[in-house]
Amino acid sequence: MGAGHAHALYVHEHSPVHRLPPHVKIVSAVAFVVAVAVTPREALWAFGIDAIALLTVRGVARIPMRFVLARLAVILPFVAFAFVLPFVGEGEKTDVLGISVSEEGLWAMWNILAKATLGAATSILLAATTEVPRLLKGFERLRVPRLLTAIASFMLRYLEVITGELRRMRVAMAARGYSPRWIWQAKPIATSAGALFIRSYERGERIHAAMLARGFTGVMPDLYADTATRRQWLTATALPLLGATLAILGWVLR
Amino acid sequence: MHAPDGFLNAGTAVATGAVSLGAVGVALRQTRDVLQDRQIPLAGVAAAFIFAAQMVNFPVAAGTTGHLLGGALAAVLLGPAMGAVVVTVVVVIQALAFADGGLTALGYNILNMAVVTAIGGWAVFVLLRRVMPKTVNGLSLAAGLAAATSVVMSSMAFSIEWLFGATAPVSFAKVFGAMVTVHLLIGIGEGIITALAVRSVLSVRPDLVKGAEGMDLEPAGRKRSLRALTIGGLAVAFVIATVVAQFAVDDPDGLERVATDTGFAESGRDSTLSDTLFSDYATQGLGNEALSLAVAGATGTLITLAVGWGLFAIVRDRRRPARSPV
């Protein structure tokens, strides 16, 4: 529980990618995703090379392939939406495996699939190689308002505690035979959400009192001296630089 | 709702990003005045609460589930500025650490899920608060209706963004229709859960509800069943569909207007249902215009209710207990 143990997201390793300072990694990841997003969808090869580049980063960082694939499941609802596009899309029709589908819709499907997968994979690799508290420190170094990073850090610290509380409430309800079928039976779900809010809020008050008792002045102590060397910046810009080059080539060669 | 990268085009992503940045900036400045360092842990815990609340999934239709957006709930409990900030933090962390929603999609995801729901939801709540009785039940009902409206507003915001930044050849009308219909159903769930959640907080710690600040609330009083609430809500829907709709302006709405002006109206075909019994919100064969509209509206409300009811009945698992939320 608590800080630095977000094992669901982080893969403990000692790789060059893990060692890069967090703010450098954030800039690199965001720039790469932007480059992918503006790459023209017709440049199939560009997305192929982008994917190979990400796979290389994954290899260097020693993140198991299964881990990445399992976490990619979050984009599945949109994948489902993308697969509908060729059938509901308007415009010229073309034949694929004997089925008449919209050509424009097919391109749109590919566009969403490719960009969503690459974007999500980049976020997954960023989170897998950077512990969350350091990620937030990285944001602070990038001049994100401290109020936001502070709220985010407390949120992540207590997320597991609160979802655990929610889970226990659901188990308790199920154990008492609660199995709603109609919308007017939803009341226990809602009142437990209300109870969860009160418990969370009162927990927040206790946390604050406990922190004051331990000398909290409003600023969290800086545990990491994450300063970036020029070399680290150069290493980290390789990925977005490649992405940007591919995007430009894609537009030029169109 | 967590749209991935590449869902809308780059221009829309940048434009919505700018709008979100501005809105969150204003909200941050407002919270900074009330929120001293000492309250940051509270805001963080509230964000974790919204994150957990978003895990409360309820099924909508084959394969799709809705989850609480929580924007309106956050606004009613914490105030609009703080609510928007807290939900923004949730959305950003979901994109960054959980890969739920794209990094380049943050602009429109924040706009739709945090800004529109929290600020729009709060606006509706404040309006309703004036007309509702100053009781725990009245305030909870206002919160619930605001939450339901906020979900629909969010889906409309997405559809409007689609109008400008579509990456697929699906017309605005189709997306708007599908999004708003699905989110009407999700909104009903969101509204009911929000109303009851607010009610339960109000009856234990009314001091924690920002939306009830400075109000001397009567206690909940006689316990009214959820069945009564449902029937009450249905009555309101009927009144709106049959009576209030009479005053609706017959001129083309904003979008139709734009469509006519820019000439893409011709490209939109009427749906195949356009010459059925109730097309264009009138009942065929009924002479009286007001009556015909009322019958059409009432039937529409009934059908929507039946569909929603049916869907919930179908998707609800009868044997197993409520699934664990995580």
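Just so we're clear, the structure is a prediction, and the values are computed from it rather than from any experiment.

## Looking at the overall build of chain B
1) Next: Counting secondary structure elements, chain B contains 10 helices and two strands.
2) Next: Scored against the burial criterion, the 326 residues of chain B give a buried share of 45%.
3) Next: Residue pairs at least 24 apart in sequence account for 72% of intrachain contacts in chain B once pairs closer than 6 positions are excluded.

## Digging into the overall build of chain A
1) Next: Broken down by element type, chain A carries 10 helices and two strands.
2) Next: Tracing chain A from N to C terminus, the helices and strands come up as α-α-α-α-α-β-β-α-α-α-α-α.
3) Next: Every one of the 254 residues in chain A was classed for burial, and the buried ones make up 38%.
4) Next: Looking at chain A alone, contacts between residues at least 24 apart form 78% of all its contacts between residues at least 6 apart.

## Focus on the interface of chain A and chain B
You'll often see interface size given as the accessible area lost when the parts meet.
1) Next: Each side of the interface is counted separately: chain A has 77 residues, and chain B has 63 residues.
2) Next: Looking at the side of chain A that touches chain B, the elements that each hand over two or more residues are helix H2 (22-38), helix H5 (76-88), helix H6 (103-129), helix H7 (132-141), helix H8 (146-175) and helix H9 (187-213) of chain A.

## Considering H7(A)
1) Next: Taken as a whole, H7(A) has its buried residues at A:Val132, A:Leu135, A:Leu136, A:Lys137, A:Gly138 and A:Phe139.
2) Next: Of the surrounding elements, those touching the buried residues of H7(A) are H2 and H8 of chain A together with helix H4 (80-98) of chain B.
3) Next: A:Arg143 occupies a position one or two residues after H7(A) and carries a positive phi of about 70°.

## Brief notes about the packing of helix H1 (residues 10-34) of chain B against H4(B)
Residue and element names in this part refer to chain B.
1) Next: The geometry of H1 relative to H4 is characterised by a closest axis approach of 8 Å and an angle of 120° between their N-to-C directions. The orientation of H1 with respect to H4, classified from their angle, is oblique. Considering how the two elements wind past one another, H1 and H4 form a crossing that is left-handed. Residues Ala23, Val24, Ala27, Leu28, Gln30 and Thr31 of H1 lie in contact with H4, whose contacting residues are Ala81, Met82, Ala84, Val85 and Thr88.

## Considerations on the confidence of the model for chain B
All names here are of chain B.
1) Next: The predicted model of chain B averages 74 in pLDDT, with 63% of residues at 70 or higher.
2) Next: Here helix H9 (residues 254-262) stands out as the element of chain B with the lowest mean pLDDT, 48, in contrast to helix H5 (residues 106-131), whose mean of 90 is the highest.
3) Next: Counted against residues more than four places away or in other chains, residues 262-275, with its pLDDT under 50, gives eight contacts.
4) Next: Two summary scores accompany this predicted model of the complex, namely pTM at 0.74 and ipTM at 0.82.

## Focus: the packing of H1(B) against H5(B)
Residues and elements named next belong to chain B.
1) Next: Direction vectors running N to C along H1 and H5 enclose 45°, while the axes themselves pass 7 Å from each other. Considered as vectors, H1 and H5 are oriented oblique to each other. Seen along the crossing, H1 lies across H5 with a hand that is left-handed. Two secondary-structure elements touch here, H1 through Thr12, Ala13, Val14, Thr16, Gly17, Val19, Ser20, Ala23 and Val24 and H5 through Leu106, Gly107, Tyr108, Ile110, Leu111 and Val115.

## Quick word on the environment of B:Met153
All names here are of chain B.
1) Next: Tracing the sequence through the fold places Met153 in helix H6 (residues 136-165).
2) Next: According to the C-beta neighbour criterion, Met153 is buried, with 24 such atoms within 10 Å.
3) Next: Considering only alpha carbons, one finds Met153 and Thr117, 36 residues apart in sequence, at a separation of 7.2 Å.
4) Next: Ignoring sequence-local partners within four residues, the contact set of Met153 consists of Val116 and Gly120.

## Observations concerning the environment of B:Ser140
Residue and element names in this part refer to chain B.
1) Next: Take Ser140: it is sitting in helix H6.
2) Next: Along the sequence, Ser140 and Phe51 sit 89 residues apart, while their C-alpha atoms lie 21 Å from each other.
3) Next: Beyond its immediate stretch of four places on either side in the chain, Ser140 contacts Ala195, Val198, Arg199 and Leu202.

## Observations concerning unusual backbone geometry
Residues and elements named next belong to chain A.
1) Next: With phi around 55°, Arg62 is a residue other than glycine that occupies positive phi space.
2) Next: With respect to the element layout, Arg62 can be found in the loop between helix H3 (44-61) and helix H4 (65-71).
3) Next: Overall, Arg62 belongs to the partly exposed group, with 14 C-beta atoms counted inside 10 Å.
4) Next: With a phi angle near 70°, Arg143 is a residue other than glycine that sits in the positive phi range.

Criteria and cut-off values
- Position numbers for residues start from 1 in each chain and track the written sequence from start to end.
- As a convention, the first chain written is A and the first ligand written is 1, with the rest following in written order.
- Since the coordinates come from a predicted model, pLDDT governs what is reported: local features require at least 70, and pairs of side-chain atoms require 80 or more to be given and counted, while whole-chain, interface and lining totals use all residues.
- Working definition: helices are DSSP H or I runs of at least four residues, strands are E runs of at least two. Numbering for both runs from the N terminus.
- Burial is judged by counting the other C-beta atoms within 10 Å of a residue's own C-beta: 20 or more makes it buried, 12 or fewer makes it exposed, and any count in between marks it as partly exposed, with every C-beta position built from the backbone.
- Think of it this way: build a C-beta for each residue from its backbone, and any pair within 7 Å is a contact.
- Throughout, an axis means a line fitted to C-alpha atoms (over the contacting stretch in the case of helices), and angles, computed between N-to-C directions, take values from 0 to 180 degrees.
- For classification, angles of less than 35 degrees are called roughly parallel, those exceeding 145 degrees roughly antiparallel, those between 65 and 115 degrees roughly perpendicular, and all remaining angles oblique.
- Whether a crossing is left-handed or right-handed is set by the direction in which the near helix is turned from the far one by less than a right angle, anticlockwise for left-handed and clockwise for right-handed.
- As a per-residue quantity, pLDDT reports the predictor's confidence and falls between 0 and 100.

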